[in-house]
Amino acid sequence: TASDLPDSLGHIRAEIEKAVPHGRTDNGGKNDRGGWGNSDAMPAYHVSAWNALDARYQRIIDKHPKAKGYNHWSHMGTLGTGNHFIEVCLDELDRVWVMLHSGSRGPGNRIGSYFIEAAKREMERYFIGDYLPDRDLAYLVENTEIFDDYVQAVHWAQDYALANRRAMMDATVHVLRRHLPAFALTEMAVNCHHNYVEKENHFGANVWVTRKGAVRARQGDLGIIPGSMGTGSFIVRGKGNADSFCSCSHGAGRTMSRTAAKKKITLEQHAAAMAGIEARLDADVLDESPAAYKDISTVMAAQADLVEVVHRLRQIINIKG
């Protein structure tokens, strides 16, 4: 609980930042601080997690070589940039939680980019391209070979994202064990994909559902809805609202672009918004400052018919890429 924590949390944040590569330098090249420079630097758990996925990845890449990312294994157990984060939080009873948000990193990004271009080529092959309102609305046709290959690849990327989060959680918990009194983990771990695709049954039909900025909220599903790096987050339970395809939001959503946030939000305003939270206060995170996001309480009120609140978390440590 909160009473077991030291008064100063700076050293814990620093140790988590050492244990989990984050950010991006060297234009994502071999000296990128956001990846493992070589396999010898990776913890054994991370190596094992990658090895469990490698054979499936090779089958995908053998068939679609241009879908290969050059930083595939080196991003296992890494945070990334943007709105990705690791946080130590307290709930309404002052119990300690660890929460993080990241995805399929470099290999997932490359898979997505490759199949988007493949979809555009398919539109030309089917003579559909000229009829689309926008070229970015290109799609893959179900029951074709390229569609099946994409589904195989995207499911691999979702499994990679899950393994990536588990590796970072493992590393973070190891840091906490070194710096905090002995503790036990509860049996409840909330995990949910966002920005993903899944085949589900809705309104009597089997359909492909893409949740962009959303998570699944079937009856009883536990989910995570972050606010911002300074306004806390919610653990929720789905109500199974059919009209939303059993979905809810994945976060507060932005009120201004990253460029606008860096122009409008001052370092002094950012520091004031982050008072009491051990976090970065430099100019490079101004685009993630709380003022760049919608009010999370308003967002939660707007989806009261989709989820019920189980816990409200407030962060005391925040790590950004």
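Residues numbered from 1 in each chain as written. Predicted model: local features only at pLDDT ≥ 70, side-chain atom pairs only at ≥ 80, totals over all residues. Heavy atoms only, no water.

Enquirer: Help me understand the overall build of the chain, please; the structure alone is not making it clear to me.
Expert: In terms of helices and strands, the chain carries 7 helices and 9 strands. Rg of the C-alpha trace for the chain: 21 Å, near the compact-globule value of 20 Å for 321 residues, within the 12% margin. Considering only C-alpha atoms, the chain reaches an extent of 65 × 50 × 45 Å along its principal axes. With 321 residues in all, the chain has 48% of them scored as buried. Considering only intrachain contacts with a sequence separation of at least 6, the fraction spanning at least 24 residues in the chain is 71%. Counting 38 positive and 39 negative side-chain charges, the chain places the averaged centre of each group 2 Å from the other. (Helix = DSSP H or I, 4+ residues; strand = E, 2+ residues; numbered from the N terminus. Rg over C-alpha atoms; globule rule 2.2 N^0.38 Å. Buried < 20%, exposed > 50% of the residue type's maximum accessible area, 1.4 Å probe, protein only. Contact = heavy atoms within 4.5 Å. Lys, Arg positive; Asp, Glu negative; His and termini not counted. Charge placed at Lys NZ, Arg CZ, Asp CG, Glu CD.)

Enquirer: What is the right way to read the sheet that holds strand β9 (residues 307-320) from this model?
Expert: In a beta sheet, neighbouring strands are held together by backbone hydrogen bonds and run either parallel or antiparallel to one another. In space, the 5 strands of this open sheet follow the order β2-β1-β9-β7-β6, with antiparallel pairing throughout. Among the strands making up the open sheet, the edge pair consists of β2 (96-101) and β6 (222-228). Neighbouring strand axes in the sheet, compared pairwise and without regard to direction, differ in orientation by 35° on average. Relative to β9, strand β7 (residues 232-238) runs antiparallel, the two being bridged by 6 bridges. Bridge pairing in β9 links Phe 234 to Arg 312. Relative to the sheet, helix α1 (residues 10-19) contacts β1 (85-90) and β9, its axis offset from that of β9 by approximately 90°. (Pairing = 2+ DSSP bridges. Axes fitted to C-alpha atoms, helices over the stretch in contact; angles between N-to-C directions.)

Enquirer: I would appreciate a short explanation of α1 in the present structure.
Expert: Along α1, the residues classified as buried are Ile 12, Arg 13 and Ile 16. Buried residues of α1, seen end-on, are gathered within an arc of 100° and therefore sit on one face of the element. In this structure, the buried side of α1 is in contact with β1, α4 (145-179) and β9. (Arc of directions from axis to C-beta.)

Enquirer: So what exactly am I meant to see when it comes to the packing of aromatic side chains here?
Expert: For the structure shown, the criterion picks out 9 aromatic pairs. When the ring of Phe 203 is compared with that of Phe 245, the centres are 5.6 Å apart and the planes differ by 75°; the resulting orientation is edge-to-face. Placement of Phe 203 in the loop between β3 (196-202) and β4 (205-211) and of Phe 245 in the loop between β7 and β8 (247-249) is noted, with a sequence separation of 42 residues between them. On the basis of relative accessible area, Phe 203 is assigned to the exposed category, the value being 59%. Taking relative accessible area as the criterion, Phe 245 reaches 34% and is therefore assigned partly exposed. (Phe/Tyr/Trp six-rings, centres within 6.5 Å; stacked < 30°, edge-to-face > 60°.)

Enquirer: What should I look at first to understand the pairing of β3 in this one?
Expert: Residues in a regular strand project their side chains so that they alternate between the two faces of the sheet. Relative to β4, β3 runs antiparallel, the two being bridged by 7 bridges. Bridged to Asn 201 within β4 is Asn 206. What sits between the antiparallel neighbours β3 and β4 is a turn of 2 residues, in which Phe 203 has the positive phi angle 50°.

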